[in-house]
Amino acid sequence: MTSARRQRILALTPRERLAEQWARLGISPDYRCVRGPEVGMAMVRGRMGGTGNAFNLGEMTLTRASVQLTDDEGAAADAKSPLGHGWVKGRDPRHAELIALVDACAKRRDWQAAIEEGLVAPLEQALDAERHEQARRAAATRVDFFTMVRGE
Amino acid sequence: MYVAVKGGEQAIANAHRWLADRRRGPRETQELAVSQVEGQLRLAVSRVMAEASLYDPELAALAIKQASGDMVEAVFLLRAYRTTLPRLAETLPLDTAAMRIERRISATYKDIPGGQVLGPTYDYTHRLLDFLQLANAEVAPPTAAEETLADCPQVLELLDAEGLIEREEDDGAEPYDITRDPPDFPVDRATRLQMLARGDEGYLLALGYSTQRGYGRNHPFAGEIRLGTLEVEIAVEEGDAPLCIGEIEISECQMINQFGGSRETAPQFTRGYGLAFGHNERKTMAMALVDRALRAEELGETATGPAQQAEFVLAHADSVEAAGFVSHLKLPHYVDFQSELELLRRLRREHAKRTEAAGSDVGTQADDVTPRASHSDLVKEQQA
């Protein structure tokens with residue numbers, strides 16, 4: 001699993017649900033924040049006509065964090081313990097930190113499978129189910145217009 | 001010119017205390033929660049985010065609450081807040097074709113792949129006040145169809161495939177950013193779109209309307225309007241895959257307008273584009289009309305309407321700037337006004353002397369500037 005795919009699922013998941021699912025895995029190594037969590041902005045770009053040149057639409061709030069594991073294994077490896085990064089829209093430092101922590105843990109071979117199967121996969125399913133439900137609501141408002149023949 | 005004055009601290013403090021009380025309203029009603037504004041005044045939140053140029057529904061809702069519902073004040077609050085945050089990233093340009101559709105309609109084709117999807121719209125409502133809402137009657141949950149929505153490709157791509165409409169292609173140009181460097185007229189289309197995207201909706205609506213009424217050549221069709229949510233990606237490091245940071249609500253309007261063409265290129269439909277944060281359908285329609293009107297020069301049209309004057313349109317579109325400059329009239333202009341009073345008294349003395357010299361009794365008392373004198377009276381005196 002690429003970290004881009006995991007980052008996507010975790011950023012799209014509400015923080016409460018992510019925290020709850022993460023707690024179930026029982027992975028809780030010590031760690032420290034090496035950057036942030038920091039609240040800032042991303043400039044959102046659009047395209048003229050949807051496909052043309054980019055233009056700046058406006059900014060959105062964005063929070064980022066980077067963490068490093070400091071448990072026994074991390075401490076033994078000293079500063080070489082891999083960093084985990086998290087980015088999420090909005091201003092929730094805990095959400096960004098949690099994504100970064102999961103990212104750092106997913107770089108440990110023995111936790112990889114648990115994170116994929118016990119966290120990312122079920123969260124992805126939950127997202128898909130919500131999106132499916134929303135698409136059904138949209139589909140219920142789909143119309144067929146009939147053009148009436150005008151009398152002469 | 002206005003001058004700095006001292007004093008009034010206590011009065012200002014008391015005025016703000018009264019304002020806070022007014023905002024809170026009668027204590028026997030419950031205080032409005034920001035989450036209620038965010039969840040139940042969604043279109044107000046969308047408008048504030050779009051015009052403040054900052055996507056953050058919770059903060060927009062807070063701004064609306066704090067401003068007692070004054071939208072221009074709320075936009076100002078949120079715009080001011082954005083200056084306190086560092087910019088961490090730029091997003092990849094939004095791929096609106098990938099939008100998760102809530103609403104998608106076309107006024108140019110009846111049958112479109114994916115269909116006409118009304119979504120949660122005020123269209124077709126009867127605009128009758130719903131008195132049940134006075135009693136907070138509960139509403140039914142939305143209906144869900146058996147099947148989900150099919151893919152909804154961009155409608156203009158259909159015309160594009162035939163070459164009937166001008167293509168919008170990316171030449172990789174880096175867009176100008178008015179938040180980094182102030183716009184320097186004339187400005188390119190990317191700059192115009194950034195300014196229109198944060199422009200006041202009422203202002204753009206009026207200008208768009210003017211083009212329809214004949215002030216500027218513009219014969220538009222709503223090629224496609226879509227509202228929905230879109231995932232946002234940022235490029236973090238060179239070479240790495242872009243990262244999704246979440247999704248935002250977006251509104252888009254693609255207008256199709258009458259023909260452009262030249263000796264080299266065959267006649268084609270031209271385009272106007274509107275894009276905005278949140279659910280802002282009317283805003284994007286107005287924006288698309290004005291975007292197209294501002295392309296007059298590029299498309300070789302004679303600019304005849306106000307909506308085609310780029311500098312005029314864009315320099316006055318921002319409600320924060322406009323409200324700021326109009327509001328400054330409330331600041332003390334005591335010295336300025338005093339000098340005008342002096343001038344006016346002198347003019348009136350001279351006028352009185354002239355009329356006296358002409359042997360007429362009909363004149364006004366030289367120093368008699370009564371508070372009742374209307375502005376037009378004063379102007380007449382001055383012109384005399």
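Residues numbered from 1 in each chain as written. Chains lettered and ligands numbered in written order. Predicted model: local features only at pLDDT ≥ 70, side-chain atom pairs only at ≥ 80, totals over all residues. Heavy atoms only, no water.

Naming follows an unreviewed UniProt entry, where chain B appears as Alpha-D-ribose 1-methylphosphonate 5-triphosphate synthase subunit PhnI of Halomonas ventosae.

In the nomenclature of an unreviewed UniProt entry, chain A is known as Alpha-D-ribose 1-methylphosphonate 5-triphosphate synthase subunit PhnG of Halomonas ventosae.

## A short note on the overall build of chain B
In terms of regular secondary structure, chain B is built from 13 helices and seven strands. A compact globule built from 384 residues would reach a C-alpha radius of gyration of about 21 Å, whereas chain B, at 27 Å, exceeds it by more than 25%. Taking the principal axes of the C-alpha coordinates as reference, chain B spans close to 90 × 70 × 50 Å. Put simply, 64% of the contacts in chain B that link residues at least 6 apart link residues at least 24 apart. Carbon and sulfur atoms form 54% of the exposed surface of chain B, whose accessible area is close to 22500 Å². Of note, chain B has its 40 positive side-chain charges centred 8 Å away from the centre of its 63 negative side-chain charges. (Helix = DSSP H or I, 4+ residues; strand = E, 2+ residues; numbered from the N terminus. Rg over C-alpha atoms; globule rule 2.2 N^0.38 Å. Contact = heavy atoms within 4.5 Å. Areas by Shrake-Rupley, 256 points an atom, 1.4 Å probe, with all protein chains shown as cover. Lys, Arg positive; Asp, Glu negative; His and termini not counted. Charge placed at Lys NZ, Arg CZ, Asp CG, Glu CD.)

## Digging into a nonpolar patch on the surface
All names here are of chain B. There is a patch of nonpolar side chains on the surface, built from Leu129, Phe131 and Leu134 and spanning about 430 Å² of accessible area. In this fold, Leu129 is placed in the loop between β4 (116–117) and α6 (156–162). Accessibility expressed as a relative area gives 71% for Leu129, which makes it exposed. (Patch = residues over 30% accessible without salt bridge, like charges linked within 9 Å, V, L, I, M, F, W, Y side chains within 5 Å. Salt bridge = Lys/Arg side-chain N within 4 Å of Asp/Glu carboxyl O. Buried < 20%, exposed > 50% of the residue type's maximum accessible area, 1.4 Å probe, protein only.)

## Points about the pairing of strand β6 (residues 243–260) of chain B
Residues and elements named next belong to chain B. Within β6, 16 of the 18 residues are buried, which leaves the element mostly enclosed by the surrounding structure. Summarising the sheet, strand β5 (residues 221–234) and β6 pair through 13 bridges and their orientation is antiparallel. When the sheet's bridge partners are listed, Glu224 is paired in β6 with Gln254. As paired elements, β6 and strand β7 (residues 268–277) share nine bridges and run antiparallel to each other. Each residue of the ladder has a partner; that of Ser251, found in β7, is Ala276. (Pairing = 2+ DSSP bridges.)

## What to know about empty space enclosed by the protein
Residues and elements named next belong to chain A. Applying the stated criterion across every chain, the model contains one cavity of 30 Å³ or more. When its volume is computed, the largest cavity comes out at roughly 30 Å³. Taken together, Ser3, Arg6, Gln7, Leu10, His85, Ile99 and Asp103 form the lining of the largest cavity. Per-element tally for the lining of the largest cavity: the top contributor is helix α1 (residues 3–12), with four residues. Tallied by class, the residues present in the lining of the largest cavity amount to two nonpolar, three polar and two charged. (1 Å grid on protein atoms, 1.4 Å probe; cavity = no way out; pocket = protein on both sides within 12 Å on 5 of 7 lines; lining within 4 Å. Points joined across faces, edges and corners; volume = space filled by probe spheres on them. Nonpolar A, V, L, I, M, F, W, Y, C, P; charged D, E, K, R; others polar.)

## With respect to the interface of chain A and chain B
With 50 residues of chain A at the interface, the matching set in chain B holds 75 residues. For the pair chain A and chain B, the summed buried surface comes to about 5800 Å²; carbon and sulfur atoms form 59% of the total. If you sort the residues of chain A by the area they bury against chain B, Met41, Arg45 and Leu57 of chain A come out on top, with a joint share of 13%. On the surface where chain A and chain B come into contact, there are nine salt bridges. Of the charged contacts in the structure, one is a salt bridge between Glu231 of chain B and Arg131 of chain A, with a shortest N-O distance of 2.9 Å. Between the two partners, chain A and chain B, sit 35 residue pairs in polar contact (both at pLDDT 80 or more). Every element with two or more residues in the side of chain A that touches chain B is listed here: α1, β1 (31–47), β2 (54–69), β3 (83–89), α5 (109–139) and β4 (142–143) of chain A. In terms of residue class, the side of chain A that touches chain B is built from 22 nonpolar, 15 polar and 13 charged. In terms of strand pairing, β4 of chain A meets β4 of chain B through two bridges, oriented antiparallel. Residue pairing in the sheet places Val143 of chain A in a bridge with Gln116 of chain B of β4 of chain B. (Buried area = accessible area lost by both parts, 1.4 Å probe. Polar contact = N/O pair within 3.5 Å; in protein donor to acceptor, adjacent residues only side chain to side chain.)

## Some points on the packing of aromatic side chains
Throughout the structure, instances matching the rule amount to three aromatic pairs over all chains. For the pair Phe55 of chain A and Tyr273 of chain B, a centre-to-centre distance of 6.3 Å together with 80 degrees between the ring planes defines the contact as edge-to-face. Taken together, the residues span two chains, with Phe55 of chain A in strand β2 and Tyr273 of chain B in strand β7. Like Tyr273 of chain B, Phe55 of chain A is buried. Over the face of the ring belonging to Tyr209 of chain B we find Arg213 of chain B, whose NZ or CZ atom lies 6.0 Å from the ring centre. (Phe/Tyr/Trp six-rings, centres within 6.5 Å; stacked < 30°, edge-to-face > 60°. Lys NZ or Arg CZ within 6 Å of the ring centre and 35° of its normal.)

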